[in-house]
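Fold and geometry: a report
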Amino acid sequence: MTKIEMFTGKGGVGKTTMSVATALQYAEIGKTLLISTDPSGSLSEIFSRPLDTKIYTVAPNLDAVELNRKLVLKLWREKFSEDIYAVLSSFLPVGREIIDYIEGAPGIDEEFMLDYLLTMADSGDYQMIIWDTAPTVTTLNLLFIQQLFYSHLTQAQKLYFKVRKVFNKVDPLELIETWRLLTERIIELLQNDTRAWVVANPEPLPIEQASDIADSFNDFGIKVEGFILNKVLPKELCQGHPFWQEKYNAQQKCRKKMQLKAGNLPLKEIPELIGDTQVDGFLREVADLLQKSD
Ligand SMILES: Nc1ncnc2c1ncn2[C@@H]1O[C@H](COP(=O)(O)OP(=O)(O)OP(=O)(O)O)[C@@H](O)[C@H]1O
Ligand SMILES: [Mg+2]
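A brief look at the structure comes next. (Residues numbered from 1 in each chain as written. Chains lettered and ligands numbered in written order. Predicted model: local features only at pLDDT ≥ 70, side-chain atom pairs only at ≥ 80, totals over all residues. Heavy atoms only, no water.)

Turning our eyes to something else, we now look at the packing of aromatic side chains. A full pass over the atoms with the stated rule returns one aromatic pair. Centroid distance Phe243 to Trp244: 5.0 Å. Interplanar angle 90 degrees. Geometry classified as edge-to-face. Cation over ring: Lys54 sits above Tyr56, and NZ or CZ is 4.5 Å from the ring centre. The lysine or arginine in question, Arg96, covers the ring of Tyr85, its NZ or CZ lying 4.3 Å from the ring centre. (Phe/Tyr/Trp six-rings, centres within 6.5 Å; stacked < 30°, edge-to-face > 60°. Lys NZ or Arg CZ within 6 Å of the ring centre and 35° of its normal.)

What follows is the structure, given as structure tokens:
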């Protein structure tokens, strides 16, 4: 059974860094897929190759893909557009341009990202999927859209019963039922097989958002595995320098808030490091630190 580990949090806090570091580590144990659903994701830069057209193997046992809007809509068309057209054209005088119209509907790309995640989990190809998400708001939208989609389908079913007499070739009810089951399975996947790490920096806003996102996930039934406080200034580097000492003190206040929020859940801490994700060794260092703070 494929497990999913997702990294979420405010923009720029270190979600991608934690995702890649964790993915590299899991790849040492079993086949791993790293998926980014951030529309402005940076996996391609990190692995120095385009990952936004299909899945590529980026390291031994590690595949990666960046689901940007263009790729998602292409995959969506391949999978759903014919069915949708069959349903709509059976009771509305519409041409194929209706597919372009639906494709432009808000939420279609987010909706399909989750379908893609489910397909990958069901493929059985991977032991672990690491999911690098877009900043907080987009990720929350994604989850709510999933719920909305569900209620839209219920409406679709009602509509079907009203107009069923005019159907001839296709049985839309069957299709609607497949979509409903799909939505149900996506929700199940999120609730049963997905664990979330909420990443924050020791600053007021990221901490606040981390706290909100953890609450939303709890409401939605997604397990919050723990928190990661990233870019913590080391005490010894700040001592004796008034500017850094003050910054350190401010961070410690935020750190206390994070500890309070985490309660019994694990809170991993990663210091501010030299270098960045594209530099060799940086991600290994983060991976080691994440493991050490287990
Ligand atoms: N502990 C750290 N020490 C120093 N630099 C770090 C640390 N963690 C991350 N960074 C750097 O901070 C920047 C932002 O990190 P990252 O891209 O992982 O954040 P993100 O949450 O994925 O951002 P976005 O919301 O834009 O996707 C990157 O340049 C990364 O290399
Ligand atoms: Mg990122």
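Here the focus is the site of ligand 1. Taken together, 18 residues surround ligand 1, and among them Lys15, Thr16, Thr17, Asn230 and Leu273 come closest. Between ligand 1 and Leu273, the relevant distance is 2.8 Å, taken from a nitrogen atom to a main-chain nitrogen or oxygen of the residue. Calculation on ligand 1 without its partners gives an accessible area of 630 Å², and the protein chains cover 80% of this total. It is helix H1 (residues 15-26) that provides the largest number of residues to the shell around ligand 1, a total of three residues. Residue composition of the shell around ligand 1, by class: six nonpolar, seven polar and five charged. (Near = heavy atom within 4 Å. Polar contact = N/O pair within 3.5 Å; in protein donor to acceptor, adjacent residues only side chain to side chain. Areas by Shrake-Rupley, 256 points an atom, 1.4 Å probe, with all protein chains shown as cover. Helix = DSSP H or I, 4+ residues; strand = E, 2+ residues; numbered from the N terminus. Nonpolar A, V, L, I, M, F, W, Y, C, P; charged D, E, K, R; others polar.)

Take the nonpolar core next. Within the largest apolar cluster, 55 residues are counted, with the highest numbers of intra-cluster contacts made by Ile35, Leu67, Trp76, Tyr116, Leu117 and Ile129. The contact partners of Tyr116, leaving out residues within four places of it in the chain, are Ile35, Ile55, Val65, Leu67 and Leu75. In terms of nonpolar packing, the next biggest core, distinct from the first, is built from 28 residues, Ala27, Leu34, Phe47 and Met128 among them. (Core = buried A, V, L, I, M, F, W, Y, C linked by side-chain atoms within 4.5 Å. Buried < 20%, exposed > 50% of the residue type's maximum accessible area, 1.4 Å probe, protein only. Contact = heavy atoms within 4.5 Å.)

Our next topic: helix H11 (residues 282-292). Looking at H11, one finds that the buried residues are Phe282, Leu283, Val286, Ala287 and Leu290. Down the axis of H11, the sector holding all buried residues measures 135 degrees, keeping them to one side. In this structure, the buried residues of H11 make contact with H1, helix H2 (43-46), strand E7 (223-232) and strand E8 (267-271). (Arc of directions from axis to C-beta.)

Moving on, we come to the pattern of salt bridges. Overall, the coordinates contain 13 salt bridges when judged by the stated rule. Between Glu82 and Arg96 there is a salt bridge whose closest N-O contact spans 2.9 Å. Of this pair, Glu82 sits in helix H3 (residues 69-91) while Arg96 sits in the loop between H3 and helix H4 (97-103), placing them 14 residues apart in sequence. As a salt-bridge pair, Asp215 and Lys261 come within 2.7 Å of each other at their nearest N and O atoms. Separated by 46 residues along the polypeptide, Asp215 in helix H8 (residues 204-220) and Lys261 in helix H10 (residues 242-262) bring together distant segments of the chain. Take Asp215: its relative accessible area is 33%, and that puts it in the partly exposed class. Judged by its relative accessible area of 30%, Lys261 is partly exposed. A single salt-bridge network, built from bridges that share partners, covers Glu5, Arg195, Lys223 and Glu225. (Salt bridge = Lys/Arg side-chain N within 4 Å of Asp/Glu carboxyl O.)

So, about the environment of Gln209. By the secondary structure assignment, Gln209 is in helix H8. In the structure, Gln209 is positioned 10 residues away from Val199 in sequence and 9.5 Å away in space, judged by C-alpha atoms.

Turning next to the packing of H1 against H11. Look at H1 against H11: their axes get within 8 Å of each other, and the N-to-C directions meet at 80 degrees. As far as their axial angle goes, H11 and H1 are roughly perpendicular. For the pair H1 and H11, the contacting residues are Thr17, Met18, Val20, Ala21, Thr22, Leu24 and Gln25 in the first and Phe282, Leu283, Arg284, Val286, Ala287, Leu290 and Gln291 in the second. The residue inventory of the contact of H1 with H11, partitioned by class, reads nine nonpolar, four polar and one charged. (Axes fitted to C-alpha atoms, helices over the stretch in contact; angles between N-to-C directions. Parallel < 35°, antiparallel > 145°, perpendicular 65-115°, else oblique.)

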